[in-house]
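A look at the structure
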Amino acid sequence: MASVAASSPISFAASFLKIKAFPLSPRFFPIRTLRCSVSSSSSSEPIEFDISFAPPKPKPSSTRGGATPQQLFIPWIVRGDDGTLKLQSQPPARLIHNLAIDATTQNPRKKDKPKKKQPQATSSSASATASASSPASHSEVKPKLSKAARRFYNENFKEPPQRLSKVLAAAGVASRRTSEELIFDGKVTVNGILCNTPQTRVDPSRDIIYVNGNRIPKKLPPKVYFALNKPKGYICSSGEKEIKSVISLFDEYLSSWDKRNPGTPKPRLFTVGRLDVATTGLIVVTNDGDFAQKLSHPSSSLPKEYITTVVGDIHKRHLMAISEGTIVEGVHCVPDSVELMPKQHDIPRARLRIVVHEGRNHEVRELVKNAGLEVHSLKRIRIGGFRLPSDLGLGKHVELKQSELKAMGWKN
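Scope of this entry: the structure provided in the associated data block. It should be emphasised that the depicted structure is a prediction, and the values quoted were computed from it without experimental measurement. (Residues numbered from 1 in each chain as written. Predicted model: local features only at pLDDT ≥ 70, side-chain atom pairs only at ≥ 80, totals over all residues. Heavy atoms only, no water.)

1. A short note on the pairing of strand β13 (residues 225-230)
Spelled out, the test is: Think of it in three bands: with a 1.4 Å probe and only protein chains considered, a residue is buried below 20% of the maximum accessible area for its type, exposed above 50%, and partly exposed in between. Counting from the N terminus, the helices are DSSP H or I runs at least four residues long and the strands are E runs at least two residues long. Two strands are said to pair when DSSP picks up at least two bridges between them.
By the criterion of burial, β13 is predominantly enclosed, with six of the six residues buried. The side-chain alternation of β13 yields two buried faces, one formed by Tyr225, Ala227 and Asn229 and the other by Phe226, Leu228 and Lys230. Here β13 runs beside strand β15 (residues 280-286); their pairing, made up of six bridges, is antiparallel. Counterpart to Leu228 in the pairing with β15 is Ile283. In this sheet, strand β23 (residues 397-399) lies alongside β13 in antiparallel orientation, the contact comprising three bridges. What sits directly across from Ala227, in β23, is Val398.

Encoded structure:
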């Protein structure tokens, strides 16, 4: 007889008592019936019951297929409705029901929502749907960003506050010099306070700026870059009094700006450097002051190539005189290279290819004049690594790409 003693009171109604028994071979364990006794401190008399083991099944013959494992017999001791303990081979129905409820509660299955069937589109609507699902249309929808993402952008990528005169020039009010005059004259207010200092740092997206009673828009115009094939007779000035200005060649572009960019202010365009009224060829037009300052300043040492047509014949002494340089604006300027170009049937006059990097006023004309030659025509064909497109007609412009800006030395 086996005796099981409990160290604490046993509550049979709280849980089930489960005993696992493995089938034992009668060769080593001949007892088929096991008598058990359970005692508790609450009851004086112990409860006795018998556990019977089923006889082992005969092993199948190895010649007739593989061996199958023996069935595991698990006895369940359950208290009945009358309060007595009884032994059964199946778990109680109440336990199976509770386990099924727990499994349903812990792992609820998500119901798959039925997909709505889209009607078949016609050829016209299919093309419209394809255009709507194109990458360009997806790029217009701006995703919502978290606070952490916006903070990271503001700290690392957002432009810091800029000088007031620079913001006015970028907004298209006037040139930077004229904007400084407006500030000195007391015609600019920032957040309701009169500002007389052009170096005041402002943020147009947050600060309220008024000029002559007109508010500056919070959103500044985008930066644009153009290459213009300047014709003869146009001057590089954006003044309103100038009649034939190169900026007037962009009137059609600016007039259609609101249709192409609704809600965005128009850019104020100006030239990067200058070409005199008689010089033709490549000139860059933009609204980016930093870009213009970088390209036009002599310290940038950006090479500029010109084709000069001269009157008369060119001899070796002329080439040597041009190569030695001359004084321009008090500085001795020496060209990077001077080359006599071969004659062409349609161009009877002699031509020179001159490359300079100083970029001073009338530098090429002064070099040719100092050599004793007369300039018939002058055309600029290259700035840095960007060359004037051969198919770009006079008075026409083309928007510059980022790779072309980098060819000019712009790294922003």
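2. Considerations on the nonpolar core
General note: in soluble globular proteins, nonpolar side chains tend to be found buried as a group. Using the following cut-off: Buried Ala, Val, Leu, Ile, Met, Phe, Trp, Tyr and Cys residues form a nonpolar core when they are joined through side-chain atoms within 4.5 Å. A contact between two residues is defined here by any heavy atoms of the two lying within 4.5 Å.
Among the nonpolar cores identified, the biggest contains 31 residues, and Leu269, Val285, Val310, Leu352 and Ile354 are the most heavily contacted of them. Listing elements by their share of this core, those giving two or more residues are β13, α7 (251-255), β15, β16 (304-311), α10 (316-324), β20 (351-356), α11 (363-370) and β21 (374-383). Each residue touching Val285, except ones within four places of it in the same chain, is listed here: Val224, Tyr225, Phe226, Leu228, Ile247, Phe250, Leu269, Phe270 and Thr271.

3. Topic: the side chain of Lys304
Counted only if it meets this: By the counting scheme adopted, Arg and Lys are positive, Glu and Asp are negative, and His together with the chain ends is not counted. Any carboxyl oxygen of Asp or Glu within 4 Å of a side-chain nitrogen of Lys or Arg constitutes a salt bridge here. Polar contact is defined as a pair of N or O atoms within 3.5 Å, subject to the rule that within protein one atom must be able to donate a hydrogen and the other to accept it, and that residues adjacent in sequence are counted only when both atoms are side-chain atoms.
If you trace the backbone, Lys304 turns up in strand β16. Despite its burial, Lys304 pairs with no opposite charge; the closest candidate is Glu363, at 7.4 Å N-O. In terms of polar contacts, Lys304 uses its side chain to reach the backbone carbonyl oxygen of Leu302, at 3.2 Å. In this structure Lys304 touches Leu295, Ile354, Val355, Val356, Gly359, Arg380 and Arg382, once residues within four positions along its chain are discounted.

4. Thoughts on the packing of aromatic side chains
Definition in use: Pairing of aromatic rings covers Phe, Tyr and Trp, the last through its six-membered ring, and needs centres within 6.5 Å; plane angles under 30 degrees mean stacked, over 60 mean edge-to-face, and all others mean tilted.
Going through the model one piece at a time under the given rule, you end up with five aromatic pairs. For the ring pair Phe226 and Phe250, a centre distance of 5.4 Å and an interplane angle of 55 degrees mean the geometry is tilted. Of this pair, Phe226 sits in strand β13 while Phe250 sits in the loop between β13 and α7, and the two are 24 residues apart along the sequence. With relative accessibility at 0%, the residue Phe250 sits in the buried group. Aromatic side chains Phe226 and Tyr253 sit 5.0 Å apart centroid to centroid with 75 degrees between the ring planes, which places their arrangement in the edge-to-face category. Of this pair, Phe226 sits in strand β13 while Tyr253 sits in helix α7, and the two are 27 residues apart along the sequence.

5. Quick notes on the environment of Thr200
The residue Thr200 is located in the loop between β9 (193-194) and β10 (201-202) in this model. With a relative accessible area of 25%, Thr200 lands in the partly exposed category. For the pair Thr200 and Val190, spaced 10 residues apart in sequence, the C-alpha to C-alpha distance is 9.5 Å. Not counting residues up to four positions away in its chain, the partners in contact with Thr200 are Gln162, Arg163, Leu164 and Cys195.

6. Let's talk about the pairing of β15
A regular strand places its side chains so that they alternate between the two faces of the sheet. Burial of β15 is extensive: seven of the seven residues sit out of reach of the surface. Note that strand β14 (residues 270-271) and β15 share two bridges and pair antiparallel. Along β15, the bridge assignment pairs Thr271 with Val285. Taken together, the two bridges between β15 and β21 define a ladder with parallel strand orientation. Counted as the bridge partner of Thr280 is Lys379 from β21.

7. Section: the sheet that holds strand β11 (residues 209-211)
Across the sheet, four strands lie side by side as β9-β8-β11-β12; this open sheet has antiparallel pairing. Strands with a single pairing partner mark the edges of an open sheet, and in this sheet they are β9 and β12 (214-215).

8. Examining α10
Applicable threshold: In this context, the arc is that of the directions from the helix axis out to the C-beta atoms.
Those residues of α10 that fall on the buried side of the exposure criterion are His318, Ala321 and Ile322. Buried residues of α10, seen end-on, are gathered within an arc of 95 degrees and therefore sit on one face of the element. Across from the buried face of α10, at angles greater than 90 degrees, the exposed residues are Lys316, Arg317 and Glu324. For α10, the elements touching its buried residues are β19 (337-341), β20 and α11. Positive phi shows up at Gly325, right after α10, with a value of about 90 degrees.

9. Points about helix α6 (residues 176-184)
For α6, every residue scored as buried is listed here: Ser179, Leu182 and Ile183. Projection of α6 onto a plane perpendicular to its axis shows the buried side chains occupying an angular sector of 100 degrees, all on one side. Facing away from the buried surface of α6 by more than 90 degrees, the exposed residues are Arg177 and Phe184. Check the buried side of α6 and you find it contacts α5 (164-170), β8 (188-190) and β11. Looking at the residues trailing α6, positive phi occurs at Gly186, about 75 degrees.

10. Describing the pattern of salt bridges
In the structure shown here, the tally under the stated rule is eight salt bridges. Its salt-bridge partner being Glu305, residue Arg387 comes within 3.5 Å of it at the nearest N-O pair. Here Glu305 lies in strand β16 and Arg387 lies in strand β22 (residues 386-387), a separation of 82 residues in the sequence. The class for Glu305 is buried, based on a relative accessible area of 4%. Glu329 is the salt-bridge partner of Arg360, the closest N and O atoms lying 3.7 Å from each other. Separated by 31 residues along the polypeptide, Arg360 in the loop between β20 and α11 and Glu329 in the loop between β17 (326-328) and β18 (331-333) bring together distant segments of the chain. A residue is classified by how much of its surface remains accessible, and Arg360, at 23% relative accessible area, is partly exposed. If you follow the salt bridges from partner to partner, you end up with Glu305, Glu339, Arg353, Arg382 and Arg387 in one network.

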